[in-house]
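Here's the letter readout for the chains.
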Amino acid sequence: MTRRERIRISGQVQGVGFRPAVYRLACRLGLTGSVYNDTQGVVLELQGDKQVVDKFLEMLKLQPDKPPLAEIRSYERTRLEPIAKEQEFVIARSNAAGTALSQVTADIATCPDCLAELADERDFRHRYPFINCTNCGPRYSIVRTIPYDRPNTTMSAFAMCARCAEQYGDVGDRRFHAQPVACPDCGPSITLTGATGQVRHTGTDEVVAETARLLRAGQIVAIKGIGGFHLAVDACNNDAVLRLRERKRRDHKPFALMGDSVNKIRQYALVDDAAERALRSPRAPIVLLAKREGGGVAPAVAEGVGTLGFMLPYAPLHHLLFAEGLNVLVMTSANISDEPLICRNEVALERLAGVADAFVMHDREIYRQVDDSIIHFVAGEPVPLRRARGYVPMPVFLEQPARRDILATGADLKNTFCLVKHNQLILSEHIGDLEDAEVYRHYVGSVEHLRKLFDVQPEVVVCDLHPGYLSTRYARSLVGVKVIQVQHHWAHIASVLAEHGIRGPVIGLECDGTGYGTDGAIWGCECMIASLAEFTRFGHLDYYPLVGADKASKEALRPLLSLLTQAYGERFCLGEFGWLLECMSVDEARARMVLEQIERRINAVNTSSLGRVFDAVAALLGLGCYNHFDAQLPMALESVVDARVDEHFAYDLVAEEDGPVRISLRETVRELVAQIRQGTGVAELSTKFHNTLAEALLEMAVRARETTGLDTVALSGGVFCNHYLVNRLVKRLNEAGFEVLWNRDVPANDGGIALGQAAIAVSMLNDDS
């Protein structure tokens, strides 16, 4: 019996070739009807035998019928009256309301079909460095404006030849409406130039062969890719890596690596099944992997950390280069220090002339520079540490649409911003640290570009509570908008709630380096009872005085002396810690100056920062005394953890009537110092410290459950980028009967703040209406 159904599908189903795939499958099964996009996803009307409709849905969930980039989250079926004499299945015009975002998707790694053609001598795109199709290639990085048609992308400079145009217009072809489609006859091309811009080679074969020769010889090559330039060098040549560090002015921060295969990466790092899936995924992120002992990567690549960040080739040019027999390459963002990623040829030649020995450039303009994404794993699930290429601009969806357009300006460190349109939270790519003038200019320009791209007219702007944040000042500079300020750590927890599609309340555990509190203190280890509507502070790390303003986040001596004086009280004697000052290369006069600042409260603020506690413990254990980059000391502390150690130090939870519960680490610090003096190994001490924090946070959650009856815990904040700590805490919370939520789609660090700010603003505005 003929049956007709309307099927509404939600998930990642727009801009990924989903409608052509539906069309081909429906025609193959003899179904009639239509498919179109709307603001919620994709809508199908299918007519045919019920069993065939059921078969259609089952086949659509599986490869090869499901497009590689599509993710079906749910579908809803509604029975309709059949339409007499309907003869065909068609791709119908989309519902125009709110479809701007659906037309722009993330930049995706080269798919297996294109790689096969790249290697096929019979194919007219053989060895073509810009091969792509509907399932792969550049998207977000090349679009100028909406609608997402070729004239509105940087591919407008290249008119399609007859063969490309035929594939572009064929609904049965995988290049149907693939806007970047091109071939050697009609598309972009690559050139190799010297350090001053003089052209050395122009043909693909010559450019690739000479570039590989330069890299094998230890030269530094700037290579233009999908979202910007990389600086590439042989990762096993320590002298070459050190030369890159000197020229790039990046003395300590680890470099990203690229290997041509998972088997190659396994020679240098430990790759489990989850990591292999992440490496091979179409998003092709940098994946943090434990170092393999004796692996052979140059020591200068990633000193003082226990991991290497590896990715697989994701652009056709990468594959061509590795086919020349290259081993493993450093592939680090092409910029100076922490400035924005360089993406324009003329800027690269100007800014990198003293860095790169040669440049591989192409003439396809990159309109939006996009860094590589970075992920690690929490309870076996991939979680971004930096969310950019491959993820942006995919939205987080709201259950209820926002009543007004919103801009959330984010935080100043690891900045992203978020736009709200209808039921979509659109988080920007990683912008960077706004204190750098170039990054701030890039931030302001990016807000304006994305606002126009996605047709967002903000009536409400939401920002951090900190009055000194540049992102807060920017929000307050905008005219004709309502400004809402949101406490930093509440926004962290709200980002978890938004991702999981719940309003709360939950028990929120938020641990990071710094965030402005409602009492004027600098918060950083918090337990909240939080929803999208409100929060109360249930507990926190006991305050300690932090002196020196911004210096305190760099110099471990400052939080260390504060914690020592707090732990020992009047019994503290600097003379008994001469061994420590010697280890830190700090003279006693300087230490006494800091102590005087602490005692007299000179340029001091109360803080519950857990990030600074990590700095102090790393210094105590002789792992360093200065953060040359964000979280350098905490990363060093984690790098020496021995997961076989299960013990922890003593700690206290202090509860005063009508006051928050406080975690006291006084006894922790005293035990740690005593065991250092006894000669206990660094690995054991580091692990005990991590375990102590997990136990203290678990006990705080248990106290909150006893008080509130809640049994769901949300984890967020930069400290939970610590792989060992977050995984141990999740395990301990689960063992105690808690449901545990954490950031999965956005970073737990300040790169996720804007999402939480936006979700809170939506809740406030919808509740007020």
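Now for a look at the structure at hand. Because the structure is a prediction, the values reported are computed rather than measured. (Residues numbered from 1 in each chain as written. Predicted model: local features only at pLDDT ≥ 70, side-chain atom pairs only at ≥ 80, totals over all residues. Heavy atoms only, no water.)

Looking at the overall build of the protein
Our working definition: Secondary structure follows DSSP: runs of H or I at least 4 residues long count as helices, runs of E at least 2 residues long count as strands, and numbering of each begins at the N terminus. Both definitions apply: the radius of gyration is a C-alpha atom measure, and the globule rule equals 2.2 Å times residues to the power 0.38. Residue exposure (1.4 Å probe, protein chains only): buried if accessible area is under 20% of the type maximum, exposed if over 50%, otherwise partly exposed. Working rule for contacts: check all heavy atoms of both residues, and any pair within 4.5 Å makes them a contact.
In terms of regular secondary structure, the protein is built from 22 helices and 31 strands. Its C-alpha radius of gyration of 27 Å places the protein within 12% of the 27 Å reference for a compact globule of 769 residues. Dimensions along the principal axes, computed over C-alpha positions, put the protein at roughly 90 × 65 × 50 Å. The burial tally for the protein puts 59% of its 769 residues in the buried class. Long-range pairs, those at least 24 residues apart, make up 71% of the contacts in the protein between residues at least 6 apart in sequence.

Concerning helix H5 (residues 204-216)
Inclusion rule: Take the residue count of a helix, subtract one, and multiply by 1.5 Å to get its expected span.
Helix length check: H5 (13 residues) gives 18 Å between terminal C-alpha atoms against 18 Å at 1.5 Å per residue, within 8%. Those residues of H5 lying buried are Val-207, Val-208, Glu-210, Thr-211, Ala-212, Leu-214 and Leu-215. Remark: Gly-218 follows H5 within two positions and exhibits a positive phi of approximately 90°.

Considerations on empty space enclosed by the protein
Regions of empty space are outlined by a rolling probe, equal in size to a water molecule, passed over the atoms. In plain terms, the rule: Only protein atoms enter the 1 Å grid used here, on which a cavity is any set of points holding a 1.4 Å probe that cannot leave and a pocket is any open set flanked by protein within 12 Å on both sides along at least five of seven lines; residues with an atom within 4 Å of a point are listed as lining. Grid points are joined across faces, edges and corners, and a volume is the space filled by probe spheres set on the points. Under this grouping Gly is polar, as are all residues other than the nonpolar Ala, Val, Leu, Ile, Met, Phe, Trp, Tyr, Cys and Pro and the charged Asp, Glu, Lys and Arg.
Overall, the coordinates contain 7 cavities of 30 Å³ or more when judged by the stated rule. In this structure, the largest cavity spans a volume of roughly 120 Å³. What lines the largest cavity is a set of 18 residues, among which Pro-129, Ile-226, Ala-315, Pro-316 and Arg-364 lie closest to the centre. Per-class residue counts for the lining of the largest cavity are 11 nonpolar, 5 polar and 2 charged.

Points about the environment of Val-370
You can see Val-370 is positioned in the loop between strand S14 (358-362) and strand S15 (374-378). Val-370 sits in the buried class, given a relative accessible area of 4%. Note: C-alpha distance between Val-370 and Leu-341 (29 residues apart in sequence) is 7.5 Å. Setting aside anything within four residues of it in sequence, one finds Val-370 in contact with Asp-107, Tyr-140, Ser-141, Gly-227, Leu-341, Ala-388, Arg-389 and Glu-429.

Some points on the pairing of strand S26 (residues 544-547)
Inclusion rule: In this scheme, strands are said to pair when DSSP sees at least two bridges between them.
Residues Tyr-544 and Leu-546 of S26 are buried on one face, and the alternating residues Pro-545 and Val-547, pointing to the opposite face, are buried as well. The sheet contact formed by S26 and strand S27 (residues 604-607) spans 4 bridges and is antiparallel. When the bridges of S27 are listed, Val-547 appears paired with Ala-604.

A few points about unusual backbone geometry
Of note, the bond from Val-392 into Pro-393 is cis; its omega dihedral lies within 30 degrees of zero at 10°. Within the element layout of this structure, Pro-393 appears in the loop between strand S16 (381-386) and strand S17 (396-397). With an omega of 15°, the peptide bond between Gly-504 and Pro-505 qualifies as cis. Position of Pro-505 among the secondary structure elements: in the loop between helix H13 (488-500) and strand S23 (506-516). With phi around 50°, Ala-379 is a residue other than glycine that occupies positive phi space. Within the secondary structure, Ala-379 is located in the loop between S15 and S16. Of note in this structure, Ser-585 is not a glycine but carries a positive phi near 55°. Positionally, Ser-585 belongs in the loop between helix H15 (578-584) and helix H16 (588-600). Owing to a relative accessible area of 69%, Ser-585 belongs among the exposed residues under this scheme.

Everything listed here is a matter of coordinates, which is why it stays silent on function.
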